[in-house]
Amino acid sequence: MTTILFELGCEELPPKSLKPLRDALQASVTEQLNDANINFDSMKAFAAPRRLALQIHGIADKQPDRSEQKRGPAIKAAFDADGNPTRAASGFAKGLGIEPNELITINTDKGDYVGYEQILHGRATTELLPQIFQTALDNLPIAKRMRSGTSRDEFVRPVQWAVLMQGDSVIDGTIQGHQTGKQTRGHRFHSPDYHTINHANDYESLLDSLKVVADFDKRQMLINNQVKALADEINTNAIVPQSLLDEVTALVDFPIALRASFEPRFLQVPQEALISTMQADQKYFCLTDKDGTLQPYFIFITNIESKDASQIIEGNEKVVRPRLADAEFFFLQDQKQPLFALTESLKTRVFQDQLGTIWEKSERIAKLAAFIAALLQQQDKQIDIDETVRAAMLSKADLASSLVGEYPDLQGIAGTYYARLNNEPEAVAASLEEQYLPKFSGDVLPQTPIGICLALADRLDTLVGIFAIDQAPTGSKDPFSLRRSAIGILRILIEKRLPINLVALVEQAIKNYASEEVSKIAKMGDTFTQVMAFLNSRYRAMYTEQGVSVDTIQAVQAINPHMPLDFDQRIRAVQTFSELPQAEQLADSNKRVANIIAKSEVTVADIVDEALLSEPAEQALYKAVHQAQTAVTPLLEQANYTQVLQTLASLDEPLTQFFDGVMVNSEDVALKNNRLALLKQVRALFLTVADISELQL
C-alpha cells in the first residue's frame, strides 16, 4: 500500500468549470480503479487555477490474481469410447496452449464439459495508471477542446507539465503529450519556478509553502471566513451567492480578501442594479445592513500578497466607479418620462411572431388579471380591479427602459422602482416585481393580491398562446419555460390556498385570444385539451420533488380534479390513508371491485334493491356503505378528504367478508346485478377522494 500523486499543470483553467472538472476527474478515476479491481483507502481531489490533481492513499501495488474457467466441448464429444481425446478436445487444448491431459471436467445443470482453470496474474498498478488518468482526462466534460502549438493533444487549456508519482518515485508515462515527472510550479507571481516534490504525501504542504492553496474546499473556506470577518468589522452582511463563491475560488491560488468602498450617491440607484454589475462584472461581494439595504462597500478577493494593499483597493474602486456611473445614468435617463409612457414602444416590440406584440400581450394579461381579481373578490380578498388592470398595463413597461436594456435581470424590479417614483399606488408598484415570481424551483411566491393576479395571468397567457400555435415543449426543448411556468401556476394556487378552477382560467385565457381581430389562434378546443393535460402532467414533477410516491399522485390524477388546491388536499389525504393498517387490503379490494365492474357486460345500476340482499355478508356491507355515505357527505362539503378516507377504512372488514362469502356472478341475474350495484356504490365512495386501486402498497 502506497500513495499515488497525479497533477496536470495548465494555463489558467475556466473558472466556472474548475469545480465540475475536479469532480468529474475524481469520479472517472474512482470508477476505473474499481473496474480494474485495484483497492485504495481514500482519494483526495485538488483544483486550483493552474492545476487539477489527485492524491490516492493506500492504493494496492497490483491487481489481485484471479482464476478464470474456460469451458470446452461436452464430455461425450471430447473423448471416444476408449477414453482418448477427440479432435474437439485436442483442438480446445491446443487453443489454450496446454496438453489434453491437463483438461478438467466441469459439471453443469446442462451436462458435463471439459474445461480448464487458469490463474490470471494481476497487472502492476503503476503499469495501469498512466492510461487510467489519460482516459479520465479524455472523458472530462469539456465543451470545446483546444490544441497548443504543434501538439495533437487536446485539452481545455494548454498543458504545461504532468506529475505522476508513487511515493517518492516517478511513474513513467506520457499524459496529454507530456512526459510525467515530479516537478510542479507554485504561485504564478510569488513562486513561478519549478519545484521538486520529494514524496507524494508532501504535495499539499509543498504547495502551501509556494503560496498555492490547492484544496478547492479549503480555499473556499478561507474566502468565506475572510469575507465574514471584513463584513463584521463594519457591522454588515455579505451577499455571497454560491455560484459567485465557486467562481472566485477558482480564480485565485492564494486568496486575500480586501474591503473597498464607493460613493454613497450611487445608492439612489436600484440596489439590484448595483449588485448585479458588481457581482457579474467585477466578481465582488456586496455588503448590506441587517435589513438587507445595500451599503457603500464591497469586498474583493486578490490573488497576491501585496506590500501595499491600499493601492489594490484604490485600483478596484477606480474600476468599479464607471460601472456604477453607467447604472446611475440609465436610471436617471429613464426617469425623464413616466413609466406608462414607455408602454408606447411596446406596440412595435414583438412578443412572438404569431402572437403579436408585447402591448397586445399586456392587454390580454389585463383582461385575465381582472377576471382573476373578480374571483378573488368573491372569496373576500381585498383587491381593487381597476388597480389590477392598471398594474397589468404597466407590467411590461420597464422592458423598454434603459436600465433593463443594460441589466435584463431587473425586469419587474425596475418597474417597481419607477412606479413608486411616479406615485403609483403601492399595490400596483409592488406587483410589477412580483409578476415574475416564482423564478425558479423553490423560489418565493408573489405576496400581494395584484401580484398573484399578474403572475397567474402572464403565465397562463403564454401557455395558451404557445400551445395554440403548436410550439409546445418537446423532449428537453422548452424555449418559453412552459414547464416552469406551469409549476409556478400550480404552486401559487396551492400555496396561496386559492380555490380557483383551472378550467375557468384556461377558458378565459383562450377567450382573450379568440376575441382579437387578427385570427392567430385555431382549434381552440384542441388547445384547451392540450393545456389542461400539460398542467395536469406537471403535478407529477412537482410532487415527486416533494417525496410523494408516484402511485399516490396517479391515484388522485385518476379522478382528474381541476382545482390545484383541491388536488393538493387529496394528495395529503391519500398519503395519510396509505399509512393506515387497512390501506393495503382496501387498495387490493378496490382493484378487485374495479375489475369486476369493468368486466360487467351490462350497465351497472346506481341503486341497490335492499330486498334482494340475501346473504348476511352483503347485508352487512350494504349497511356499512349506507352508514359511510351518511358520514362522509358533510366531510366532502368541507373538503376534509383525510377524514373521509379514515371513515371509509371501516369498510375493510365488511368488504373482505363480502368477497369471502358472496358469489358476485350469481346465476340469478337479478342477484348478480344487485351485487354489482352494491360494489359500484363502494367504488363511488372511494372515488370521491381518489382511486386508491392505483396504490402499490
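Residues numbered from 1 in each chain as written. Predicted model: local features only at pLDDT ≥ 70, side-chain atom pairs only at ≥ 80, totals over all residues. Heavy atoms only, no water.

K.L.:
Looking at this structure, how should I read the overall build of the protein chain?
P.N.:
Across its full length, the protein chain holds 25 helices and 20 strands. What you see for the protein chain is a C-alpha radius of gyration of 36 Å, clearly larger than the 26 Å of a compact globule of 697 residues, by over 25%. Here the protein chain, with 697 residues, has 49% of them falling under the buried criterion. For the protein chain, restricting intrachain contacts to residue pairs at least 6 apart in sequence, the fraction spanning at least 24 positions comes to 68%. Summed over all atoms, the accessible surface of the protein chain reaches about 33000 Å², with 48% contributed by carbon and sulfur. Taking the 68 positively charged and 92 negatively charged side chains of the protein chain as two groups, their mean positions are separated by 5 Å. (Helix = DSSP H or I, 4+ residues; strand = E, 2+ residues; numbered from the N terminus. Rg over C-alpha atoms; globule rule 2.2 N^0.38 Å. Buried < 20%, exposed > 50% of the residue type's maximum accessible area, 1.4 Å probe, protein only. Contact = heavy atoms within 4.5 Å. Areas by Shrake-Rupley, 256 points an atom, 1.4 Å probe, with all protein chains shown as cover. Lys, Arg positive; Asp, Glu negative; His and termini not counted. Charge placed at Lys NZ, Arg CZ, Asp CG, Glu CD.)

K.L.:
Mind showing me how you'd approach the nonpolar core here?
P.N.:
A general trend in soluble globular proteins is that nonpolar side chains are found buried together. By size, the foremost hydrophobic cluster in this structure holds 140 residues, and its most contacted members are Met278, Ile372, Leu403, Leu502, Tyr543 and Leu648. Among the elements that take part in this core, helix 15 (residues 449-468) stands out by supplying 12 residues, more than any other. Apart from residues no more than four positions distant in its own chain, methionine 278 is found in contact with Phe262, Lys283, Tyr284, Cys286, Leu294, Phe298, Val320 and Leu324. Core analysis: the next-biggest nonpolar cluster, separate from the first, contains 37 residues, Leu25, Ala136, Phe155 and Ile175 among them. (Core = buried A, V, L, I, M, F, W, Y, C linked by side-chain atoms within 4.5 Å.)

K.L.:
Sorry, what's going on with the packing of helix 22 (residues 616-637) against helix 23 (residues 641-648) here?
P.N.:
A pair of packed helices is captured by two measures, namely the crossing angle of their axes and the spacing between those axes. Between helix 22 and helix 23, whose axes approach to 9 Å, the crossing angle comes to 170°. Judged by the inter-axis angle, helix 22 sits roughly antiparallel to helix 23. Only Tyr641, Gln643, Val644, Thr647 and Leu648 of helix 23 make contact with helix 22, whose side of the interface consists of Ala628, Ala631, Val632, Leu635 and Leu636. A class-by-class count of the residues in the contact of helix 22 with helix 23 yields 8 nonpolar, 2 polar and no charged. (Axes fitted to C-alpha atoms, helices over the stretch in contact; angles between N-to-C directions. Parallel < 35°, antiparallel > 145°, perpendicular 65-115°, else oblique. Nonpolar A, V, L, I, M, F, W, Y, C, P; charged D, E, K, R; others polar.)

K.L.:
Where do I start with helix 24 (residues 652-661) in this structure?
P.N.:
Three or four residues apart is the spacing at which side chains of an α-helix point the same way, because the helix has 3.6 residues per turn. Turning to helix 24, its buried residues are Asp652, Pro654, Leu655, Phe658 and Phe659. Looking at the buried positions of helix 24, the neighbouring elements they touch are helix 21 (583-598), helix 22, helix 23 and helix 25 (669-687).

K.L.:
Where do I start with the sheet that holds strand 5 (residues 104-108) in this structure?
P.N.:
The strands that make up a sheet are held in pairs by hydrogen bonds between backbone atoms, and each pair lies either parallel or antiparallel. Sheet architecture is open: 3 strands sit in the order 4-6-5, paired in antiparallel fashion. Of all strands in the sheet, those bounded by a partner on one side alone are strand 4 (66-74) and strand 5. Averaged over neighbouring strand pairs, the angle between their axes works out to 45° when direction is ignored. Inspection of the sheet shows strand 4 paired to strand 6 (residues 111-120) by 7 bridges, in the antiparallel sense. Paired with serine 67 across the strands is isoleucine 119, a residue of strand 6. Strand contacts of helix 3 (residues 87-96): strand 4 and strand 6, with the helix running at about 155° to strand 4, the strand carrying the most contacts. (Pairing = 2+ DSSP bridges.)

K.L.:
Even after reading the chapter, I still don't get helix 20 (residues 564-578), so can you show me in this structure?
P.N.:
Along its 15 residues, helix 20 runs 21 Å from first to last C-alpha, staying within 8% of the 21 Å computed at 1.5 Å per residue. Turning to helix 20, its buried residues are Pro564, Leu565, Asp566, Phe567, Asp568, Arg570, Ile571, Ala573, Val574 and Phe577. (Expected span 1.5 Å × (residues − 1).)

K.L.:
How should the layout of surface pockets be read in this particular structure?
P.N.:
A water-sized probe, rolled over the atoms, reveals where empty space remains. Estimated volume of the largest pocket: approximately 660 Å³. Around the largest pocket sit 20 residues that line it, and Gln411, Tyr436, Asp458, Phe480 and Arg484 are the ones nearest its centre. When residues of the lining of the largest pocket are traced back to their parent elements, those giving at least two are helix 10 (358-378), helix 15 and helix 16 (482-495). With 3 residues, the single largest contributor to the lining of the largest pocket is helix 15. (1 Å grid on protein atoms, 1.4 Å probe; cavity = no way out; pocket = protein on both sides within 12 Å on 5 of 7 lines; lining within 4 Å. Points joined across faces, edges and corners; volume = space filled by probe spheres on them.)

K.L.:
Got a minute to help me understand the packing of helix 13 (residues 413-421) against helix 14 (residues 426-434) in this structure?
P.N.:
Remark: helix 13 packs on helix 14, axes separated minimally by 6 Å, with the N-to-C direction vectors making an angle of 165°. Of the possible angle classes, the one that applies to helix 13 and helix 14 is roughly antiparallel. Along this stretch, helix 13 crosses helix 14, giving a crossing that reads as left-handed. On helix 14, the residues touching Ile413, Gly415, Thr416, Ala419 and Arg420 of helix 13 are Glu426, Ala429, Ala430, Leu432 and Glu433. Broken down by class, the residue content of the contact of helix 13 with helix 14 amounts to 5 nonpolar, 2 polar and 3 charged. (Left-handed = near helix turned anticlockwise from the far one by under 90°.)

K.L.:
How should the environment of lysine 347 be read in this particular structure?
P.N.:
Tracing the sequence through the fold places lysine 347 in the loop between helix 9 (309-334) and strand 19 (350-352). In the structure, lysine 347 is positioned 263 residues away from asparagine 84 in sequence and 97 Å away in space, judged by C-alpha atoms. Dropping the residues within four chain positions of it, lysine 347 is found in contact with Thr357 and Trp359.

K.L.:
Sorry, what's going on with the sheet that holds strand 2 (residues 42-48) here?
P.N.:
Strand order in the open sheet formed by 5 strands is 2-3-1-9-10, and the pairing between neighbours is antiparallel. Strand pairing shows two members of the sheet lacking a second neighbour, strand 2 and strand 10 (169-170), which therefore form its edges. Of the pairings in the sheet, the one linking strand 2 to strand 3 (residues 51-59) comprises 7 bridges and is antiparallel in character. Residue pairing in the sheet places methionine 43 in a bridge with isoleucine 56 of strand 3. Where helix 1 (residues 18-35) meets the sheet, it contacts strand 1 (2-10), strand 2 and strand 3, and its direction lies at approximately 30° from that of strand 3.

K.L.:
Help me understand the pattern of salt bridges, please; the structure alone is not making it clear to me.
P.N.:
A side chain with one charge can pair with a side chain of the opposite charge if their charged atoms come near. A complete count under the given rule lists 33 salt bridges for this structure. Across the salt bridge formed by lysine 44 and glutamate 204, the nearest N and O atoms sit 3.0 Å from each other. Placement of lysine 44 in strand 2 and of glutamate 204 in helix 5 (residues 203-209) is noted, with a sequence separation of 160 residues between them. Owing to a relative accessible area of 28%, lysine 44 belongs among the partly exposed residues under this scheme. With a closest N to O distance of 2.7 Å, aspartate 458 and lysine 396 form a salt bridge. With aspartate 458 in helix 15 and lysine 396 in the loop between helix 11 (385-394) and helix 12 (402-406), this pair connects stretches of sequence that are 62 residues apart. The burial state of aspartate 458 is the same as that of lysine 396; both residues are buried. One salt-bridge network, in which partners are shared between bridges, spans Lys361, Arg364, Lys396, Asp458 and Asp461. (Salt bridge = Lys/Arg side-chain N within 4 Å of Asp/Glu carboxyl O.)

K.L.:
It is not clear to me how the pairing of strand 17 (residues 285-288) should be interpreted in this structure. Could you clarify?
P.N.:
Successive side chains on a regular strand alternate, one facing one side of the sheet and the next facing the other. By the alternation rule, side chains of strand 17 split into Phe285 and Leu287 and Cys286 and Thr288, which are all buried. Two elements, strand 15 (residues 237-238) and strand 17, share 2 bridges in a ladder whose sense is antiparallel. Following the sheet pairing, alanine 238 is matched in strand 17 by leucine 287. Note that strand 17 and strand 18 (residues 294-302) share 3 bridges and pair antiparallel. Note that in strand 18 the partner of phenylalanine 285 across the bridge is isoleucine 299. Taking the residues between adjacent antiparallel strands as the criterion, strand 17 and strand 18 are bridged by 5 residues, where glycine 292 takes a positive phi near 90°.

K.L.:
Hey, could you run me through the pairing of strand 5 in this one?
P.N.:
Across 5 bridges, the pairing between strand 5 and strand 6 is antiparallel. Residue pairing in the sheet places threonine 105 in a bridge with valine 114 of strand 6.

K.L.:
Can you help me understand unusual backbone geometry in this one?
P.N.:
Note: most peptide bonds trans; most residues except glycine with negative phi. Of the consecutive residues leucine 437 and proline 438, the connecting peptide bond is found in the cis state with omega at -5°. In this fold, proline 438 is placed in the loop between helix 14 and helix 15. Despite not being glycine, aspartate 470 has its phi angle at roughly 60°, a positive value. Among the secondary structure elements, aspartate 470 is positioned in the loop between helix 15 and helix 16. Residue serine 481 is not a glycine yet carries a positive backbone phi of 50°.

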